[in-house]
Amino acid sequence: MPSAAAPERTPSYYTASLRRETDYPALQGETRVDVAIVGGGFTGVATALELTERGLKVALIEARKIGWGASGRNGGQVTGSLSGAEAMQRQLRNRAGVEAEEFIWRLRWRGHEIIEARVARYAIDCDLRHGHLHAALTPAHLRELRASLQEAQRRGMGAEVTLLDHPAVRQHLATERYVGALKNQRNFHLHPLDLCIGEAQAAAAQGALLFEHSPVLAIVHGAQPAVVTATGRVTARHVLLAGDVYHRLERRRLSGMIFPAMGGIIATRPLGELAQQINPHGLAVYDCRFVLDYYRPTADGRLLFGGGANYSGRESRDVAAELRPAIEATFPQLRGVAIDFKWTCAMGIVVNRIPQLGQLSPNVWYCQGYSGHGIATSHIMGEILAEALTGQLARFDTFAAFRHIRVPYGDVLGNPLLAAGMWYYSLRERLR
């Protein structure tokens, strides 16, 4: 087991098992670069790496530690379930020159390609393992999965996906909970904090300036925009805000667009032979519900399990107590199992679920709102942002033109309205 990590991070399984801790300096004095990025999660790090690979000078400014927020706390699943795909498709159908279904299909799998290429190119050790089940709890869910299978087959991906009935699911998972599942060998799972730190190290090796413990106090707009902290200033040709729900910068202009939902995650004790018995193929799993459960094995044989997102935006009182009933309903053989780690993860939720890309001024850009699908999507957005910042605006303009719902008095009303909406969709799902 790698050495225990610094107490500056949330006490999660990922923190305890990360392979290499970061130790980048705080920003001091004045620096000039091509692009200044605020936020050291996947969006900021992926964009920084894309830009350094293109030869630009980049500074990344992080308030705490690289990967401190959702990028280092999530469920670790990389799947083709692109957030907001249906809403995107509806809006794209009305645009000339855009073939909606093909655009979205390519986008769904682009994050996989970027991550796998990065892991290989930079030798990032992050426990990457292929194999995923999208599990059906009801016949209605199974019909949805059958439609997904047919689309995959139509687009030449049939060899990588298989629809499993209940007996076949039992050969993959020691549970009676599911009536079927879609097995996908293109999807994978990994240690997200190790991936984020590995990509940051790759960017730094190519000349990116990385600063930790440097909370940004202000963004200066104009011909030479700048990022200002208590101890330094970075002047750039462009500034990118990539902090999702973990920052409060430019709130007057971004208010009412994105809201925090708190997800709880646990990791059990190492299960030994039991880990192989309950999930012999080492698959990641999530179910078909709107508010779903998700889980996967870790490299050292634990069950990492999450679910039950709290859309009020408030922290859970006891993550382990809230998740234990779902764990034991899925795997009764784990009744009473010891839970070694429990933590929360704030997800940036967008009302229509479409990731938000845009400009606050000609030189100040933002990207946020992956609605629980951040690992793959952040890497796609990093590529799109790097294209835009080097003059290739086609894909950026497609996203910037999507219409979003801005909730009035968002800081006050946003989360209560979001919670009410989630209650409605959950109730409708139970009545199907």
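Parameters and conventions
- Residues numbered from 1 in each chain as written.
- Predicted model: local features only at pLDDT ≥ 70, side-chain atom pairs only at ≥ 80, totals over all residues.
- Heavy atoms only, no water.
- Helix = DSSP H or I, 4+ residues; strand = E, 2+ residues; numbered from the N terminus.
- Buried < 20%, exposed > 50% of the residue type's maximum accessible area, 1.4 Å probe, protein only.
- Contact = heavy atoms within 4.5 Å.
- Lys, Arg positive; Asp, Glu negative; His and termini not counted.
- Charge placed at Lys NZ, Arg CZ, Asp CG, Glu CD.
- Core = buried A, V, L, I, M, F, W, Y, C linked by side-chain atoms within 4.5 Å.
- Axes fitted to C-alpha atoms, helices over the stretch in contact; angles between N-to-C directions.
- Parallel < 35°, antiparallel > 145°, perpendicular 65-115°, else oblique.
- Left-handed = near helix turned anticlockwise from the far one by under 90°.
- Nonpolar A, V, L, I, M, F, W, Y, C, P; charged D, E, K, R; others polar.
- Disulfide = S-S within 2.5 Å.
- Expected span 1.5 Å × (residues − 1).
- pLDDT = per-residue confidence, 0-100.
- Phe/Tyr/Trp six-rings, centres within 6.5 Å; stacked < 30°, edge-to-face > 60°.

Novice: Pulling in residues and values, what's your account of the overall build of the protein?
Specialist: If you tally the helices and strands in the protein, you get 13 helices and 17 strands. Split into buried and exposed, the 432 residues of the protein put 58% on the buried side. Relative to all contacts within the protein whose residues are 6 or more apart in sequence, the contacts with residues 24 or more apart total 74%. Counting 48 positive and 40 negative side-chain charges, the protein places the averaged centre of each group 4 Å from the other.

Novice: Describe the nonpolar core, with residues and values.
Specialist: The biggest cluster of nonpolar side chains holds 66 residues, and the ones touching the most others in it are I37, I66, L195 and F399. For this core, the leading source of residues is helix α11 (residues 374-389), giving nine residues. If we ignore the near neighbours within four places in the chain, the residues touching I66 are R9, T22, Y24, G40, V45, L60, L193, C196, I197, A200, L210 and E212. In this structure, A135, A181, I266 and A275 belong to the second largest nonpolar core, which totals 27 residues.

Novice: Lay out the environment of V319 with the relevant residues and their values.
Specialist: Tracing the sequence through the fold places V319 in helix α10 (residues 319-330). Sequence spacing of V319 and I265 is 54 residues, and the spatial spacing of their C-alpha atoms is 6.9 Å. Those residues in contact with V319, other than ones at most four positions away along the chain, are G264, I265, I266, K342, W343 and T344.

Novice: How would you summarise the packing of helix α2 (residues 42-53) against helix α7 (residues 192-205) if you had to cite specific residues and measurements?
Specialist: Between α2 and α7, the least distance of the axes is 9 Å, while the angle of their chain directions is 30°. With respect to their mutual orientation, α2 and α7 come out roughly parallel. Our pair here, α2 against α7, has a crossing hand that is left-handed. Only P192, L195, C196, E199, A200, A202 and A203 of α7 make contact with α2, whose side of the interface consists of F42, V45, A48, L49 and T52. Residues of the contact of α2 with α7, tallied by class, amount to ten nonpolar, one polar and one charged.

Novice: Tell me about the state of the cysteines, and please be specific about residues and values.
Specialist: Under the defined criterion, the tally for this structure stands at zero disulfides. Just so you know, C126 is unpaired, no disulfide at all, and the nearest cysteine sulfur is the one on C196, 11 Å from it.

Novice: Can you lay out the environment of I258 for me, pointing to particular residues and giving the numbers?
Specialist: With respect to the helices and strands, the residue I258 is situated in the loop between α8 (251-254) and β11 (259-268). When the C-alpha atoms of I258 and A85 are compared, they prove to be 17 Å apart, with 173 residues separating the residues in sequence. Not counting residues up to four positions away in its chain, the partners in contact with I258 are D244, V245, R251, G348, I349, Q356, Q368 and G369.

Novice: Tell me about α11, and name the residues and values.
Specialist: Since there are 3.6 residues in each turn of an α-helix, residues three or four apart along the chain are aligned in direction. With 16 residues, α11 should reach 22 Å at 1.5 Å per residue; the first-to-last C-alpha distance of 21 Å fits that figure. Counting buried residues in α11 gives 15 out of 16 residues, a clear majority hidden from the surface. Positive phi shows up at G391, right after α11, with a value of about 95°.

Novice: So what about unusual backbone geometry? Which residues, and what values?
Specialist: One non-glycine residue with positive phi stands out, namely D244, at about 55°. On the secondary structure map, D244 appears in the loop between β10 (232-241) and α8. The backbone phi angle of S371 is positive, close to 50°, even though this residue is not glycine. Inspection of the secondary structure puts S371 in the loop between β17 (364-368) and α11. Given the relative accessible area of 9%, S371 is considered buried.

Novice: Any chance you could break down the confidence of the model for the protein for me, citing the residues and the numbers?
Specialist: Across the protein, pLDDT averages 91, with 91% of residues at or above 70. Here residues 1-6 is modelled with pLDDT under 50, and outside its nearest four sequence neighbours on either side it reaches 16 contacts, counting other chains as well.

Novice: Can you break down the packing of aromatic side chains residue by residue, with the values?
Specialist: Considering all chains together, one arrives at ten aromatic pairs under this definition. Between Y295 and F305, the aromatic rings sit 5.4 Å apart at their centres with planes inclined by 0°, giving stacked as the arrangement. Of the two residues, Y295 is situated in strand β13 (residues 293-297) and F305 in strand β14 (residues 303-310); the sequence distance between them amounts to ten residues. Each member of the pair, Y295 as well as F305, carries the same accessibility label: buried.

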